[in-house]
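Chain by chain, the residues:
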Amino acid sequence: MRLTSRGRYAVSAMIDLSINQVDGPVALKRISENQSISLSYLEQLFARLRESDLVAGTRGPGGGYILARDADKISIADIVLAVDEPLDITECAGKMDCHDGKRCVAHGLWSDLSDRLHEFLSGIYLGELMKDEEPKVEATHGQRVEAPSMSAERKVNG
């Protein structure tokens, strides 16, 4: 299984949106420029994200998108699934007909891996990733230091 550009772009766009919505709705053009994603492609993704109630749009001057709920309540699995990206790595989409209409010998392995992938992405929330993207934090002695990354934190904790 490989996460396609659709899922990757949706996650990147949602992180960008969550960071930049502090001043109000964010125009897709701004996300397009920030993330180097085609505006027409973002429009398609955001239509799906809106249908899944992950974002809300406003029209007119100053319009754009905001998160439809708190960033700490939107999992990466929510985003990926909203744009129709499967989290199933079995060849048969879980139907157990992968080998000439029958269950293949490795079906259990791939099914378990799919479950773990879904569990993993369901446990990571947009709010966590948003914090990872805060550019710098002030140190106690006036020095600028990098904010710790979630991946480094996960390596230490688990």
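Since this is a predicted model, take the numbers as computed values, not measurements.

Cut-offs applied
Residues numbered from 1 in each chain as written. Predicted model: local features only at pLDDT ≥ 70, side-chain atom pairs only at ≥ 80, totals over all residues. Heavy atoms only, no water. Helix = DSSP H or I, 4+ residues; strand = E, 2+ residues; numbered from the N terminus. Buried < 20%, exposed > 50% of the residue type's maximum accessible area, 1.4 Å probe, protein only. Contact = heavy atoms within 4.5 Å. Pairing = 2+ DSSP bridges. Salt bridge = Lys/Arg side-chain N within 4 Å of Asp/Glu carboxyl O. Core = buried A, V, L, I, M, F, W, Y, C linked by side-chain atoms within 4.5 Å. Axes fitted to C-alpha atoms, helices over the stretch in contact; angles between N-to-C directions. Parallel < 35°, antiparallel > 145°, perpendicular 65-115°, else oblique. Left-handed = near helix turned anticlockwise from the far one by under 90°. Nonpolar A, V, L, I, M, F, W, Y, C, P; charged D, E, K, R; others polar.

A word on the environment of Asp 53. Mapped onto the elements, Asp 53 comes out in the loop between α3 (39–51) and β1 (55–58). Classification of Asp 53 by relative accessible area gives exposed; the value is 52%. Separated by 29 residues in sequence, Asp 53 and Ala 82 have C-alpha atoms that sit 9.0 Å apart. The residues contacting Asp 53, other than those within four sequence positions of it, are Ala 68 and Arg 69.

What follows covers the pairing of strand β2 (residues 64–67). Where β1 meets β2, four bridges bridge the pair, whose relative direction is antiparallel. What sits directly across from Val 55, in β2, is Leu 67. Connecting β1 to the antiparallel partner β2 that follows it, the hairpin turn spans five residues, and Gly 60 within it adopts a positive phi of roughly 90°.

Summed over all chains, the structure comprises one salt bridge. Notably, a salt bridge pairs Arg 69 with Asp 78, separated by 3.1 Å at the nearest N-O pair. Assessed through its relative accessible area of 32%, Arg 69 is described here as partly exposed. Overall, the relative accessible area of 29% leaves Asp 78 in the partly exposed class.

With that settled, consider the nonpolar core. Met 14, Leu 17, Phe 46, Leu 49 and Ile 79 are the most contacted members of the largest nonpolar core, which totals 31 residues. At the level of secondary structure, the elements contributing two or more residues to this core comprise α1 (5–20), α2 (28–35), α3, β2, α4 (76–82) and α6 (126–132). Here the element with the most residues in this core is α1; it accounts for six residues. Beyond its immediate chain neighbours, meaning those up to four positions away, Phe 46 contacts Ala 13, Leu 17, Leu 28, Ile 31, Val 55 and Tyr 65.

Between α2 and α3, the shortest axis-to-axis distance is 9 Å and the interhelical angle comes to 120°. The pairing of α2 with α3 is recorded here as oblique in orientation. In the crossing of α2 with α3, the sense of the turn from one axis to the other is right-handed. Residue-level contacts link Leu 28, Lys 29, Ile 31 and Ser 32 of α2 to Leu 39, Leu 42, Glu 43 and Phe 46 of α3.

Further remarks concern the environment of Arg 116. Here Arg 116 lies in helix α5 (residues 107–122). Between the C-alpha atom of Arg 116 and that of Leu 87, which follows or precedes it by 29 residues, the distance is 9.6 Å.

Here the focus is the packing of α1 against α2. Two elements in contact, α1 and α2, have axes separated by 10 Å at closest approach and are oriented at 115°. The crossing of α1 and α2 is right-handed. Where α1 approaches α2, its residues Ser 12, Ala 13, Asp 16, Leu 17 and Asn 20 are matched on the opposing element by Arg 30, Ile 31, Asn 34 and Gln 35. A class-by-class count of the residues in the contact of α1 with α2 yields three nonpolar, four polar and two charged.

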